[in-house]
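Survey of secondary and tertiary structure
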Amino acid sequence: MKDNLPDKDGFFGEYGGKFVPETLMYALNELEQTYKTLKDNNDFNAEFHRDLAEFVGRPSPLYFAKRLTEHYNTASIWLKREDLNHTGAHKINNTVGQILLAKYMGKKRIIAETGAGQHGVATATVAARLGLDCHIYMGSEDVRRQSLNVYRMKLLGAEVHEVNSGSATLKDALNEALRDWVTNIEDTYYIIGSVTGPHPYPMIVRDFNAVVGYELIDQSQESFGRMPDSIIACVGGGSNAMGIFYPFIKMDNVELIGVEAAGKGIETGEHAAPLNDGTPGVLHGAKSYLMQDESGQVKGTASISAGLDYPGVGPEHSWLKDIKRAKYVAVSDDEVMKAFHMVNKMEGILPALETAHAFAHLDELMPKMKKDQHIVINVSGRGDKDLNSVVEIEDIKL
Ligand SMILES: *Cc1c(COP(=O)(O)O)cnc(C)c1O
């Protein structure tokens, strides 16, 4: 199997690439060249790993989920605790890495897009730490739904730009951020939040998140003396999944399972599961599976979890799906809420609604597993941010 992907043009098989206007080509090439040099630079790597240790709090533990394991009574269930990171999710791994790229490139202005606000917060956090000017693009619909995250970004010194075009959500914010970048290419670094967008972003974001998978190799060896049988992660754009999958792609006996948002059910069309019910096309500068109609118009998405509510997915996942190296399933909003409660009650862990998607696959997976097997769930983030949504969804009177 090829493990040196993407190729020099940024493709994973037929997916990925750089479908962007000429003005962006210059910036993407500059970023690609810089990354190629810095990737093997000892000072850069030492600084990245020091920041991960001292600012993010890595390594995150691999934790044995005793009661969940007893509940299913088959394989041992282990949790990779990305929810314990500073700012509460895996997203900080990538922003810590990309802000270092910006620093080494001498860029003084940082921009980013955000949906629910988690990537905006992670970006504003690292920008504050380095004293850089930070601008976050966010759809006005999301600004309304996520007012606390908007305030949090402002506390961190970022300027939040509301985007009113289209459906006023993540994909519109992304378009606006790209527009800003074209206009301010000289001094601006664009921090993309998932393994999406044009080359080299899917590769860079994967590499920075792959620290999770590399830690897991050592921790699996220490905790149960071999590699896991299955690794499960939720998939929105696909960065937490790609980060934990990546070092295992070459290990054929480790099953990789990505869980998408089936929303109200795949059959209703109201979901956010392009790998389960989408077709290849081009969105935001790359070719990948996406949710589109026959004429190529991007369809609306539906999921209780804002972080998975995106019509596209990273190109490397599209490739892993086609070559059948990873398996992509989907779980409905109802199944997710059930799993959300189960993890709270049985493990004393409040998972993000995105993360609860990964747990929701256990009902299907666990009966097929054997007692001496080991599975790992990537706990991508904590659910404090989702409490308001849960109260609303379940119509709870506080
Ligand atoms: C943003 C987010 C996700 C989805 O993004 P990926 O790029 O698919 O990882 C998943 N979990 C949490 C906690 C998030 O904040």
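In the block above lies the structure referred to throughout.
Because the structure is predicted, anything quoted here is derived from the model rather than measured.

**Things to note about the sheet that holds strand β9 (residues 230-234)**
Strand order in this open sheet of 6 strands is β3-β4-β14-β9-β10-β13, and the pairing throughout is mixed. The outermost strands of the open sheet, each flanked by one partner alone, are β3 (62-64) and β13 (326-332). Within this sheet the neighbouring strands show an average axis-to-axis angle of 30 degrees, counted without direction. By the bridge criterion, 5 bridges tie strand β4 (residues 76-80) to strand β14 (residues 374-378) in an arrangement that is parallel. Within β14, the residue paired with S76 across the bridge is H374. This element, helix α14 (residues 333-347), spans β3, β10 (255-263) and β13 of the sheet and lies at about 95 degrees to β13. Across the sheet, helix α15 (residues 353-360) is in contact with β4, β9, β10, β13 and β14; its angle to β9 comes to roughly 145 degrees.

**Some remarks on unusual backbone geometry**
Where the residue is not glycine, phi is negative for most of them; where a peptide bond is considered, it is trans in most cases. For the peptide bond that leads from L5 to P6, omega is 5 degrees, which places it in the cis range. Residue H284 is not a glycine yet carries a positive backbone phi of 50 degrees. With respect to the secondary-structure elements, H284 resides in the loop between β11 (279-283) and β12 (286-290). You can call H284 buried: its relative accessible area is 9%. The phi dihedral of K324 is positive, around 65 degrees, even though this residue is not glycine. Its location among the elements puts K324 in the loop between α13 (315-322) and β13. Classification of K324 as exposed rests on a relative accessible area of 72%.

**Thoughts on the layout of surface pockets**
Its volume calculated, the largest pocket comes out at about 810 Å³. Forming the boundary of the largest pocket are 26 residues, of which R145, Q146, K385, N388 and S389 lie nearest the centre. By residue class, the composition of the lining of the largest pocket is 8 nonpolar, 10 polar and 8 charged. Roughly 520 Å³ of internal volume is contained in the second largest pocket. If you go around the second largest pocket, you meet 24 residues; those closest to its centre are Y35, K39, M203, R206 and D207. When contributions to the lining of the second largest pocket are tallied by element, the ones reaching two or more residues are α1 (22-38), α2 (42-56), α9 (201-209) and α10 (211-224).

**As for the sheet that holds strand β7 (residues 159-163)**
On the basis of which strands lie adjacent, the open sheet formed by 4 strands has the order β7-β6-β5-β8 and parallel pairing. Two strands bound the open sheet, and with one partner strand each, they are β7 and β8 (188-190). Put simply, the sheet's adjacent strands are angled 25 degrees from each other on average, direction ignored. Pairing of strand β5 (residues 109-114) with strand β6 (residues 133-139) involves 6 bridges; the strand directions are parallel. Bridge pairing in β6 links I111 to H135.

**Structural notes on a negative patch on the surface**
On the surface, a cluster of negative charge is made up of D133, E159, E186 and D187. Summarising the element assignment, D187 is placed in the loop between α8 (170-183) and β8. According to the relative accessible area criterion, D187 is partly exposed, its value standing at 37%.

**As for the packing of α9 against α10**
Between α9 and α10, the shortest axis-to-axis distance is 4 Å and the interhelical angle comes to 35 degrees. Residue-level contacts link D207, F208 and N209 of α9 to V211, V212 and G213 of α10.

**What to know about the site of the ligand**
Surrounding the ligand, one finds 17 residues, the nearest of these being K91, S194, G238, S239 and S380. For the ligand, an oxygen atom lies 3.0 Å from a polar atom in the side chain of H90. Take S239: an N or O atom from its side chain is 2.7 Å from an oxygen atom of the ligand. Considering the ligand on its own, with 380 Å² of exposed area, one finds that the protein chains cover 97% of that surface.

Definitions and cut-offs
- Residues numbered from 1 in each chain as written.
- Predicted model: local features only at pLDDT ≥ 70, side-chain atom pairs only at ≥ 80, totals over all residues.
- Heavy atoms only, no water.
- Pairing = 2+ DSSP bridges.
- Helix = DSSP H or I, 4+ residues; strand = E, 2+ residues; numbered from the N terminus.
- Axes fitted to C-alpha atoms, helices over the stretch in contact; angles between N-to-C directions.
- Contact = heavy atoms within 4.5 Å.
- Buried < 20%, exposed > 50% of the residue type's maximum accessible area, 1.4 Å probe, protein only.
- 1 Å grid on protein atoms, 1.4 Å probe; cavity = no way out; pocket = protein on both sides within 12 Å on 5 of 7 lines; lining within 4 Å.
- Points joined across faces, edges and corners; volume = space filled by probe spheres on them.
- Nonpolar A, V, L, I, M, F, W, Y, C, P; charged D, E, K, R; others polar.
- Patch = residues over 30% accessible without salt bridge, like charges linked within 9 Å, V, L, I, M, F, W, Y side chains within 5 Å.
- Areas by Shrake-Rupley, 256 points an atom, 1.4 Å probe, with all protein chains shown as cover.
- Salt bridge = Lys/Arg side-chain N within 4 Å of Asp/Glu carboxyl O.
- Lys, Arg positive; Asp, Glu negative; His and termini not counted.
- Charge placed at Lys NZ, Arg CZ, Asp CG, Glu CD.
- Near = heavy atom within 4 Å.
- Polar contact = N/O pair within 3.5 Å; in protein donor to acceptor, adjacent residues only side chain to side chain.

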